[in-house]
Structure formats: structure tokens, C-alpha cells
Amino acid sequence: MTKKSLLFVGVLAIFSLPILSAKSYGIGIASPTVVGNAQLPKGHYSLKVEGTNAVFTNLSSHKTFTTPVKIENGDAKYEVTMVETATQGGTQHIVDIQLGGSKTKLEFD
């Protein structure tokens, strides 16, 4: 296998992890972003909900960021995990995250 093929397989494996674990979701952050009371550097993250907290784990550094979250359960399932952001005072903030394959929406202050 070439290096490019190995890299592709590795990336595929990383993004398959959320499929294997129903309570973990993969998201990508393109620039430094505030979520709740945490500042996330750009990168790829695993997101887990633990009680009333959202736990973001950076997949390359394995550093975790925990912030309170308001959990809402809707009527229809979300097809994909979607992150809604807004810019406030020149800083990117995550407003909410819709969790793909579930009826759950996470809202952040």
C-alpha cells in the first residue's frame, strides 16, 4: 500500500469510530471556537454526552473539554450530526449540535 492509501484507511477508521459507539459523535472544528465555557482549538473531536455535560475529546492531542449542555429531544431523527455556529464579538461560538441518528439536540449558552 502507498502512504496515501494508508492515510485514507486511517482517516476512514477514525471517522468510523462514532458508528461503532452509538453514544460518541465525530465533529470537526475549522477554527478556534467557543462552546459553552470551553475554548476548542481547531481539529477533529469525539463528542460524548455525560449527564448534563458535553465532553469534547481532541482526537490528535487526546485533551478533553467539558461544558454544561441543555439537552432537547425532538420528534424526528436527525439524519447527520450538524453543528450550528454564530460569530459574537469576532469569536466563533457553537450554538447547538444536532446528533445524527438520534432525536437529540444539544444547546450551549
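Worth saying up front: this structure is predicted, and the values here are computed from it rather than measured. Every chain is numbered independently, its residues counted from 1 as its sequence is written. Where totals are concerned, whole chains, interfaces and linings use all residues; where local detail is concerned, this predicted model gives features only for residues with pLDDT of at least 70, and gives and counts side-chain atom pairs only at 80 or more. The basis for every side-chain value is the complete set of non-hydrogen atoms in the structure, without hydrogens or water.

Undergrad: Is there a simple way to explain the overall build of the chain in this structure?
TA: Each helix is a run of DSSP H or I of at least 4 residues and each strand a run of E of at least 2, with the numbering of both proceeding from the N terminus. Broken down by element type, the chain carries one helix and 10 strands. When the helices and strands of the chain are listed from N to C terminus, the series reads α-β-β-β-β-β-β-β-β-β-β. Categorising residues by exposure relies on relative accessible area from a 1.4 Å probe, with only protein chains included: less than 20% of the type maximum marks a residue as buried, more than 50% marks it as exposed, and the intermediate range marks it as partly exposed. A total of 109 residues make up the chain; the buried ones form 29% of that total. We call two residues in contact whenever any of their non-hydrogen atoms come within 4.5 Å of each other. For the chain, restricting intrachain contacts to residue pairs at least 6 apart in sequence, the fraction spanning at least 24 positions comes to 39%. A total of about 7100 Å² of accessible surface is found on the chain, and carbon and sulfur atoms cover 57% of it. In this description, accessible areas are obtained by the Shrake-Rupley approach with a 1.4 Å probe, and a residue is regarded as covered only by the protein chains that are shown.

Undergrad: What's the story with the nonpolar core in this structure? I'm lost.
TA: In this text, buried Ala, Val, Leu, Ile, Met, Phe, Trp, Tyr and Cys residues form a nonpolar core when linked through side-chain atoms within 4.5 Å. With 17 residues, the main nonpolar core has Leu47, Phe56, Ile97 and Phe108 as its most contacted residues. Elements with a minimum of two residues in this core: strand E1 (24-29), strand E3 (38-40), strand E4 (43-50), strand E5 (53-58) and strand E9 (91-98). In terms of residues, this core owes the most to one element, E1, which gives three residues. Setting aside chain neighbours within four positions, we find Phe56 in contact with Ile27, Val35, Leu40, Tyr45, Ser46, Leu47, Lys63, Thr64, Phe65, Thr67, Ile97 and Phe108.

Undergrad: Sorry if this is basic, but what is going on with the environment of Leu59 here?
TA: With respect to the secondary-structure elements, Leu59 resides in the loop between E5 and strand E6 (64-68). Considering only alpha carbons, one finds Leu59 and Gly43, 16 residues apart in sequence, at a separation of 7.8 Å.

Undergrad: How do you make sense of the packing of aromatic side chains when you look at a structure like this?
TA: Any two aromatic rings considered together are summarised by their centre-to-centre distance and by the angle between their planes. Note on aromatic contacts: the rings of Phe and Tyr and the six-membered ring of Trp form a pair at centre separations within 6.5 Å, being stacked when their planes are under 30 degrees apart, edge-to-face when over 60 apart, and tilted otherwise. As enumerated under the stated definition, the model contains two aromatic pairs in all. On the basis of an interplanar angle of 65° and a centroid distance of 6.3 Å, the ring pair of Tyr45 and Phe65 is categorised as edge-to-face. With Tyr45 in strand E4 and Phe65 in strand E6, this pair connects stretches of sequence that are 20 residues apart. Residues Phe56 and Phe108 carry aromatic rings whose centres are separated by 6.2 Å and whose planes lie at 45° to one another, so their mutual orientation is tilted. You can see Phe56 sitting in strand E5 and its partner Phe108 sitting in the segment after strand E10 (104-107), a full 52 residues away along the chain.

Undergrad: Looking at this structure, I do not really get the environment of Lys48. What am I missing?
TA: Position of Lys48 among the secondary structure elements: in strand E4. Discounting residues that sit within four places of it in the chain, Lys48 has contacts with Lys23, Ser24, Asn53, Ala54 and Val55.

Undergrad: Just checking my understanding: could you explain the pairing of E9 for this structure?
TA: If a strand is regular, its side chains alternate between the two faces of the sheet. Note that strand E2 (residues 33-35) and E9 share two bridges and pair parallel. Counted as the bridge partner of Val34 is His93 from E9. Strands are treated as partners if at least two bridges between them are detected by DSSP. Sheet analysis places strand E8 (residues 82-88) next to E9, joined by seven bridges and oriented antiparallel. Note that in E9 the partner of Val83 across the bridge is Ile97. Pairing geometry for E9 and E10, over three bridges, is antiparallel. Following the sheet pairing, Asp96 is matched in E10 by Glu107. Here E9 folds back onto E10, and the loop between the two strands holds five residues, one of which, Gly101, carries a positive phi near 80°.

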